[in-house]
Amino acid sequence: MTYVCQITSQPPARDVEFVAFSFPLTAGLACLPVAPGGAAHEGALPVLMHIAPGRWFAPAASDAIRALLESLQAEGSLIDVEGKWHRFDLIGAGASGVLREAIDIDAVLSGRDCAGLQIFDCPAIVTRCPGGYTVWTRSSHAPHLQAQFTRLAEG
């Protein structure tokens, strides 16, 4: 099946991850989105996502987000992961159809801002964005995931 959807590959960004030293989380991390799959947003886009227990992802981290995470050094480690993740934007009416070929996107994001999962056997993070979805995958998996998305999408 083919879905009408535009797939855009984004260039590498100043991504960072923050990993807490302990789990369950301490009160010192209350300034972070702590609900599973929670996210802090600037406008419609997530700037800090809780992607796994004790782990957050900040795509294209602003100076303010970096400063916040650096201020938490007693609680965890800030890791520069520029180049680790490759971003795809799936925009258009068929975006959900493309993802439904691999996952139940509605169930995955039910009650969540984001989710860490596998899409077409590729580790990924997915979130809604205006007009569709944003997906990050490990850079080494990007060519395969892009081929799968392209195979399913037209437009």
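Everything in this summary refers to the structure shown in the same document. (Residues numbered from 1 in each chain as written. Predicted model: local features only at pLDDT ≥ 70, side-chain atom pairs only at ≥ 80, totals over all residues. Heavy atoms only, no water.)

1. Remarks on the sheet that holds strand β7 (residues 76-80)
The strand order across the open sheet built from five strands is β4-β5-β6-β3-β7, with neighbouring strands paired in antiparallel fashion. Each having just a single partner strand, β4 (39-42) and β7 make up the two edges of the open sheet. Put simply, the sheet's adjacent strands are angled 15° from each other on average, direction ignored. Judged from the three bridges that link them, strand β5 (residues 45-52) and strand β6 (residues 55-58) form a sheet pairing that is antiparallel. Within β6, the position partnered with His50 by the bridge is Trp56. (Pairing = 2+ DSSP bridges. Helix = DSSP H or I, 4+ residues; strand = E, 2+ residues; numbered from the N terminus. Axes fitted to C-alpha atoms, helices over the stretch in contact; angles between N-to-C directions.)

2. So, helix α1 (residues 63-70)
Regarding α1, the residues found buried are Ile65, Arg66 and Leu69. Within α1, the buried residues cover an arc of 100° as seen down the axis, which keeps them to one side. What points out from α1, more than 90 degrees from its buried face, is the exposed set Asp63 and Ala64. (Buried < 20%, exposed > 50% of the residue type's maximum accessible area, 1.4 Å probe, protein only. Arc of directions from axis to C-beta.)

3. With respect to the sheet that holds strand β2 (residues 6-10)
Read from one edge to the other, the open sheet built from five strands follows the order β2-β8-β11-β10-β9, with strand pairing classed as antiparallel. Only two strands of the sheet have a single neighbouring strand rather than two, namely β2 and β9 (114-119). Each strand axis lies, on average, 25° off the axis of its neighbour in the sheet, ignoring direction. Against the sheet, helix α4 (residues 142-152) touches β2, β8 (85-91), β9, β10 (122-129) and β11 (132-138), its axis set at about 10° to β8. (Contact = heavy atoms within 4.5 Å.)

4. What about the pattern of salt bridges?
For the structure shown, the criterion picks out five salt bridges. As a salt-bridge pair, Glu17 and Arg55 come within 2.7 Å of each other at their nearest N and O atoms. Note that Glu17 is positioned in strand β3 (residues 16-20) and Arg55 in strand β6, a separation of 38 residues in sequence. Residue classification places Glu17 among the buried positions, given a relative accessible area of 0%. (Salt bridge = Lys/Arg side-chain N within 4 Å of Asp/Glu carboxyl O.)

Any functional reading would require information that these geometric values do not contain.
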